[in-house]
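Take a look at the letters that make up each chain.
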Amino acid sequence: MNNKKVALNAQLKNRKKIIRSIIQAVIIAFLATILIRTIFLLNQFEDSAIAMENTEGFIALSYFGVSRGESPKYVTKGNLDKQLSLLAKQGYETISQQDIIDFYELGKPLPEKALYLSFEDGRTDSSIFAQKILEKLNYKATMYTYANKMDTKDTKFLKPKHLRLMEDSGFWELGSNGYRLTYINIFNDEGQSLGVIDENDVPDKMMIEYYNHYLMDFIRDEYMIPTETRAEMEARIAGDYELMQEIYMNTLEEVPKAYAIMHANSLYNNMDTLVENVNDRHIKKLYKMHFNLELDAYNDADANIYNLSRLQVSPYWSTNHLMMKIQQASKRRVEFVIGDKKLAEQWEISNGAAEFLNNEIILTSLPSEEATMFLQQRMPTAYHLEFDFHGNVVGEQSVYIYHKNMSYMRIMLKDNEVIIFEKQLNKTETEIERHSLQEIGWSGEDYAFNKATVYSYHDTQQGSRIDEEEYPRNLKNRRHFSLQVEQGEIKLAIDEELVTTLAISDAIEGTQIGFGAAYSKKDTTHEQYADDIYDTVIENIKITDEAQQVLFTNQYTKAAKIKYNLGTWFNSLVDFFIKTF
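Attention in this report is confined to the structure presented alongside it.

What counts, and at which threshold
Residues numbered from 1 in each chain as written. Predicted model: local features only at pLDDT ≥ 70, side-chain atom pairs only at ≥ 80, totals over all residues. Heavy atoms only, no water. Helix = DSSP H or I, 4+ residues; strand = E, 2+ residues; numbered from the N terminus. Buried < 20%, exposed > 50% of the residue type's maximum accessible area, 1.4 Å probe, protein only. Contact = heavy atoms within 4.5 Å. Areas by Shrake-Rupley, 256 points an atom, 1.4 Å probe, with all protein chains shown as cover. Pairing = 2+ DSSP bridges. Axes fitted to C-alpha atoms, helices over the stretch in contact; angles between N-to-C directions. Phe/Tyr/Trp six-rings, centres within 6.5 Å; stacked < 30°, edge-to-face > 60°. Core = buried A, V, L, I, M, F, W, Y, C linked by side-chain atoms within 4.5 Å. Salt bridge = Lys/Arg side-chain N within 4 Å of Asp/Glu carboxyl O. Expected span 1.5 Å × (residues − 1). Bend = angle between axes of the 7 residues up to and from the residue. Parallel < 35°, antiparallel > 145°, perpendicular 65-115°, else oblique. Left-handed = near helix turned anticlockwise from the far one by under 90°. Nonpolar A, V, L, I, M, F, W, Y, C, P; charged D, E, K, R; others polar.

Let's shift gears to the overall build of the chain. When its secondary structure is counted, the chain shows 11 helices and 32 strands. Scored against the burial criterion, the 581 residues of the chain give a buried share of 52%. In the chain, 67% of the contacts between residues at least 6 apart in sequence involve partners at least 24 apart. By element, 49% of the accessible surface of the chain is carried by carbon and sulfur atoms, the whole surface being about 28100 Å².

The structure is reproduced here in structure tokens:
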């Protein structure tokens, strides 16, 4: 008996050694790749002859950060590749900072489809994960940095030696986000003043209700009364620009030409005039251009070179969401990604675009419209439909049943509620039922709201600006829908629980099913950042008839599912070690 235990222990130890060796090999290979790509940039940007005939303007895109896998804060390297590759396919060419300067100061034209690409915050992971994509597409980008990160030991941020190598490769230019990222005039949800805190020292961003950035206002007391004179304010802000200049000159031997102040959209808009004037003076003294805005992708020929706009690409946008944003801003038609064309041919799409990818369909709406897609195949009298909605909680994801000639039943998942509508021919749509679903948990650290703004003492005493029932717009959630459709009724179950049984009016005689996508009107709480484009994500659709024959499905086959699970497991393992070590 004891010998058997010894043998089992030896086998267990051997298995552990093998697993440990595999894990160590993965880590070493990954770190070696990072080291090679960080220290040695193996390729050079190639200047190519491009027709320069565009006198109208250019698109500017900005990415806050790039991650290896899914993240609520940073775009994944896979999505970055898809987005930039689709732009390259359509003929978009990246332009340099000097191209922009010459466009505005000398009237020199740009490529027909000109793209200014940038990454903010000076993050190491952005450089590592974007580099291969830039090389593949022969794209150029600007890496913005904070000057006070030049000598930090924090490995999340690029150091001067890395930035110089990146610049020498030709794929990168340098830009500045300023000297520091520090919050001032901070108030919590109880109206208490917290003073001035560096971003890295904020204990919990969700406890902050009001704040401003270091260069954006006077330092104020608990009653929002300035504690510094105009001269002191000007000297403080001037000091930041002087430190910024000194550090860049000492570490890079130059001040970058491009600047993007924090926070965006405030300068020349709604800030104190005296504070605005001192910023304006120093910006124009140090920099050649300024991307002050971050709401719109397009800059026309009449734009001010010191008040340019870039579109901050959100991590939760699909590729078609970004394309829709570009089309909206530039008034130029764009190409959308389709994916599996055989699947796409089975659907009729209106007011939007759809991507068919593996086991999911991403339906993207036109701005302020509802996108719809209907399966061309007609349904029998009785059938079973199941699928997952996996889009953002804040939005309208709909499934249409019995659709024909503007007559239908519609089941909408909106802001974590299920709302059921009936539409009879020549009549308006009518709500017939509404059901609240179980609350969704989310992390304040991962999904903090952007609340930088101009505010008064009275504002700070109003308590939290966030409705307790409001969800962050980038919070995704999965809900499994099951609909048993029979003559005269529909049984609706969500997450395996029966929600309701719906009687179908005799006036509704449709035979199609479909899906809808529309932004939530509730998403206007933060007007400055509201998004009127929405992605409905529909996964694992399966429709069967009474005889259990499959009428339509986009679910994984068993072999594909095993492959997917292995890939997910491996990626999770690598991500764990990246975060841990």
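Let's shift gears to the sheet that holds strand E21 (residues 371-375). Across a sheet, paired strands are connected by hydrogen bonds in the backbone, their directions being either parallel or antiparallel. In space, the seven strands of this open sheet follow the order E18-E21-E30-E23-E24-E25-E26, with antiparallel pairing throughout. With partners counted over all chains shown, the strands left at the sheet margins are strand E18 (347-350) and strand E26 (430-436), one partner each. Taken over all neighbouring pairs, the strand axes of this sheet differ in orientation by 15 degrees on average, direction set aside.

As a further point, take the packing of aromatic side chains. Under the defined criterion, the tally for this structure stands at 21 aromatic pairs. Judged by centre distance (4.5 Å) and plane angle (35 degrees), the rings of Tyr 183 and Tyr 211 are tilted. Placement of the pair is Tyr 183 in strand E10 (residues 182-188) and Tyr 211 in strand E12 (residues 208-213), with a sequence separation of 28 residues. Judged by its relative accessible area of 6%, Tyr 183 falls in the buried class.

Phe 58, Leu 61, Tyr 63, Phe 119 and Phe 291 are the most contacted members of the largest nonpolar core, which has 82 residues in total. With near-sequence residues (within four places) excluded, Phe 58 lies in contact with Ile 95, Ile 100, Tyr 104, Leu 110, Ala 114, Tyr 116, Phe 291, Ala 297, Tyr 298, Asn 299 and Leu 308. One finds Val 399, Leu 413, Leu 483 and Ile 538 within the second-largest nonpolar core, a separate group that totals 42 residues.

Further remarks concern the pattern of salt bridges. In a structure, side chains of opposite charge can pair up when their charged atoms sit close to one another. As enumerated under the stated definition, the model contains 21 salt bridges in all. As a salt-bridge pair, Glu 429 and Arg 410 come within 2.9 Å of each other at their nearest N and O atoms. Of this pair, Glu 429 sits in the loop between strand E25 (417-423) and E26 while Arg 410 sits in strand E24 (residues 407-414); the two residues are 19 residues apart in sequence, bridging distant segments of the chain. Note on Arg 410: relative accessible area 8%, which makes it buried. One salt bridge connects Glu 539 with Arg 478, and the closest N-O pair in it is separated by 2.2 Å. You can see Glu 539 sitting in strand E31 (residues 535-545) and its partner Arg 478 sitting in the loop between helix H10 (457-460) and strand E27 (479-486), a full 61 residues away along the chain. Taking relative accessible area as the criterion, Arg 478 reaches 39% and is therefore assigned partly exposed. Taken together, the salt bridges that share partners define one network made up of Glu 370, Arg 410 and Glu 429.

Let us now look at helix H4 (residues 124-137). Residues three or four positions apart in an α-helix share a direction because the helix packs 3.6 residues into each turn. Helix length check: H4 (14 residues) gives 20 Å between terminal C-alpha atoms against 20 Å at 1.5 Å per residue, within 8%. At Ala 130, H4 shows its maximal bend, which comes to roughly 35 degrees. Taken together, the buried positions of H4 are Thr 124, Ser 126, Ser 127, Ile 128, Phe 129, Ala 130, Gln 131, Ile 133, Leu 134, Glu 135 and Leu 137.

So, on to unusual backbone geometry. A cis geometry characterises the amide bond from Met 262 onward to His 263, with omega recorded as 5 degrees. Position of His 263 among the secondary structure elements: in the loop between strand E13 (258-259) and helix H7 (273-286).

Let us now look at the packing of helix H2 (residues 77-89) against H4. Two elements in contact, H2 and H4, have axes separated by 10 Å at closest approach and are oriented at 20 degrees. Our classification of the angle between H2 and H4 gives roughly parallel. The interaxial crossing formed by H2 with H4 has right-handed handedness. Contacts from Lys 77, Leu 80, Asp 81, Leu 84, Ser 85 and Ala 88 of H2 reach H4 at Phe 129, Ala 130, Ile 133, Lys 136 and Leu 137. Taken together, the residues of the contact of H2 with H4 sort by class into seven nonpolar, one polar and three charged.

Before going further, it helps to examine the environment of Leu 311. Tracing the backbone shows Leu 311 in strand E17 (residues 311-312). Along the backbone, Leu 311 and Leu 117 are 194 residues apart, and their C-alpha atoms lie at a distance of 9.8 Å. Setting aside its immediate chain neighbours within four residues, Leu 311 contacts Ala 60, Leu 61, Ser 62, Glu 294, Leu 295, Asp 296, Ala 297, Trp 317, Leu 322 and Lys 325.

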